[in-house]
Amino acid sequence: MVYQPKEDRYQTMSYHRSGRSGLKLPAVSLGLWHNFGDATLVENSRTLLRHAFDSGITHFDLANNYGPPPGSAEENFGRILRQDFASLRDELIISSKAGYTMWEGPYGDWGSRKYLIASLDQSLKRMGLDYVDIFYHHRPDPETPLEETMTALDHLVRQGKALYIALSNYPAQQAAEAIGILKQLGTPCLIHQPKYSMFERAPEKGLLDVLQQQGVGCIAFSPLAGGMLTDRYLQGIPEDSRAASGSRFLSSEQLTPEKMEKVRQLNELAQQRGQKLSQMALAWVLRGGRVTSVLIGASKTSQIDDAVAMLARREFSQSELDRIDAILA
Ligand SMILES: NC(=O)c1ccc[n+]([C@@H]2O[C@H](COP(=O)([O-])OP(=O)(O)OC[C@H]3O[C@@H](n4cnc5c(N)ncnc54)[C@H](OP(=O)(O)O)[C@@H]3O)[C@@H](O)[C@H]2O)c1
């Protein structure tokens with residue numbers, strides 16, 4: 001059936017400016033790391049994308065290596081784009097990344113000019129796009145000079161293959177250096193994508209300050225710790241869950257009794273607030289206004305609904321924040 005986006009799709013979502021740029025991103029963005037590769041039924045991926053867009057989620061986040069196999073998420077996304085979103089390209093913010101292993105040999109990984117330029121060309125081909133809205137360096141490269149990596153990113157913007165440039169997984173000091181180089185080159189860094197959740201608070205130790213000072217946005221990935229910060233695992237490990245899928249990023253061993261006790265206490269607090277734990281976890285990441293968007297994953301449309309409904313209950317009292325800190329300590 002021909003996809004007709006909902007007319008009221010922009011009514012509920014809030015859109016936040018990314019740093020001091022001109023670009024606004026939805027408070028909730030959808031990542032295609034899981035559930036969009038060849039192992040997933042393409043109809044499910046398509047339903048998720050339609051549902052997200054109908055909910056005001058205008059930003060879809062990809063990377064060269066998302067799958068499995070690597071590249072298949074971009075290919076499947078490209079196919080769905082052509083079928084459903086061809087006339088909606090100007091309402092979408094599509095990002096991709098390069099920085100992890102993508103092809104064999106010395107030019108398929110890390111941060112050289114050779115790798116980044118070739119990789120974005122490949123991503124554009126897979127998605128059938130002329131340009132991405134945001135192109136990220138996916139992780140810092142300890143061997144390539146930062147100037148080379150940043151100059152390659154600037155070059156891609158000048159070629160018209162990316163509208164904005166961004167960084168991911170850069171620690172505070174390196175992020176500050178990279179942001180400085182990009183500024184000098186005339187291509188300011190739009191946003192940084194760190195891992196940030198109640199269970200992963202490293203960005204609070206300097207990175208969020210750097211981003212705020214430099215006017216760079218922040219989009220937090222895995223804000224639900226891959227599903228741990230939800231009610232998914234309170235009664236065991238469901239068969240259709242990420243932890244049961246053999247994922248090396250969320251294994252049953254990570255669901256330790258100690259961690260699950262914290263989840264249970266957080267879940268109680270969320271219930272007292274009249275929301276689900278997943279919603280409290282997302283609202284917590286957005287608290288204080290330093291995070292532009294939470295970048296969630298979803299295997300079901302109901303999970304997208306949960307995330308969007310979080311926006312109705314975003315505020316925390318000081319005593320709730322103190323209670324969360326005490327549970328997480
Ligand atoms: N830059 C990087 O290095 C990097 C690394 C990782 C991820 N990312 C980006 O971040 C995105 C999100 O990562 P993530 O998938 O780990 O995020 P996440 O939001 O922490 O976890 C998503 C998973 O949590 C479960 N879930 C979501 N909502 C739920 C709800 N309401 N109730 C119960 N369970 C719920 C689902 O798992 P089930 O499958 O069990 O249903 C879902 O797939 C990725 O797609 C990618 O775009 C970037």
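Placed above this text is the structure.
Residues numbered from 1 in each chain as written. Predicted model: local features only at pLDDT ≥ 70, side-chain atom pairs only at ≥ 80, totals over all residues.

Visitor: So, the overall build of the protein chain: which residues are in play, and what are the values?
Guide: Within the protein chain, the regular secondary structure consists of ten helices and ten strands. A compact globule built from 329 residues should have a C-alpha radius of gyration of about 20 Å, and the protein chain, at 19 Å, falls within 12% of that. Its C-alpha atoms put the protein chain at 50 × 50 × 40 Å along the principal axes. A separation threshold of at least 6 residues defines the contact pool for the protein chain, and within that pool the share at least 24 residues apart is 76%. (Helix = DSSP H or I, 4+ residues; strand = E, 2+ residues; numbered from the N terminus. Rg over C-alpha atoms; globule rule 2.2 N^0.38 Å. Contact = placed C-beta atoms within 7 Å.)

Visitor: Describe the site of the ligand, naming the residues involved and giving the relevant values.
Guide: Near the ligand there are 28 residues, and of these Gly-31, Trp-33, Gly-227, Gly-297 and Gln-303 occur at the shortest range. For the shell around the ligand, the secondary structure elements donating two or more residues are β10 (293–296) and α9 (301–309). Residues belonging to the shell around the ligand are distributed by class as follows: nine nonpolar, 15 polar and four charged. (Near = placed C-beta within 6 Å. Nonpolar A, V, L, I, M, F, W, Y, C, P; charged D, E, K, R; others polar.)

Visitor: Provide a residue-level description of the pairing of strand β3 (residues 28–31), including the pertinent values.
Guide: Residues Val-28 and Leu-30 point to one face of β3 and Ser-29 and Gly-31 to the other, with burial holding for every one of them. Pairing of β3 with β10, which is carried by three bridges, proceeds in the parallel orientation. Its bridge partner being in β10, Leu-30 is matched across the sheet by Ile-296. Since β3 and strand β4 (residues 59–61) lie parallel, the crossover through helix α1 (residues 42–54) that links them has a hand, and here it is right-handed. (Buried ≥ 20, exposed ≤ 12 C-beta atoms within 10 Å, placed from the backbone. Pairing = 2+ DSSP bridges. Right-handed = clockwise from strand over helix to strand, strands pointing away.)

Visitor: Can you explain α1? Please cite residues and give values.
Guide: Helix length check: α1, at 13 residues, gives a terminal C-alpha distance of 18 Å against a target of 18 Å (1.5 Å per residue), a fit within 8%. Residues of α1 that are buried include every one of Leu-48, Leu-49, His-51, Ala-52 and Phe-53, and no others. Buried positions along α1 lie against β3, β4, α2 (72–85) and α9. Taken from the residues just after α1, Gly-56 is the one with a positive phi, measuring 90°. (Expected span 1.5 Å × (residues − 1).)

Visitor: Could you give an account of the pairing of strand β6 (residues 132–137), naming the residues involved and the relevant values?
Guide: Within β6, six of the six residues are buried, which leaves the element mostly enclosed by the surrounding structure. At this point the chain moves from strand β5 (residues 93–98), through helix α3 (residues 113–127), to the parallel β6, and the crossover so formed is right-handed. Of the strand pairs in this sheet, β6 and strand β7 (residues 162–168) are connected by five bridges, and their pairing is parallel. Along β7, the bridge assignment pairs Val-132 with Ala-162. Read as a crossover between parallel neighbours, the route from β6 over helix α4 (residues 146–158) to β7 is right-handed.

Visitor: Residues and numbers for unusual backbone geometry, please.
Guide: Put simply, Gly-67 and Pro-68 share a cis peptide bond, and its omega is -5°. With respect to the secondary-structure elements, Pro-68 resides in the loop between β4 and α2. Along the chain, Pro-68 connects to Pro-69 via a cis peptide bond; the corresponding omega equals -10°. Inspection of the secondary structure puts Pro-69 in the loop between β4 and α2. One non-glycine residue, Trp-110, lies in positive phi territory at about 70°. Locating Trp-110 in the fold gives a position in the loop between β5 and α3. A count of 21 C-beta atoms within 10 Å places Trp-110 in the buried class. Even without being glycine, Ser-222 reaches a positive phi, approximately 50°. One can find Ser-222 in the loop between β9 (217–221) and α7 (257–272).

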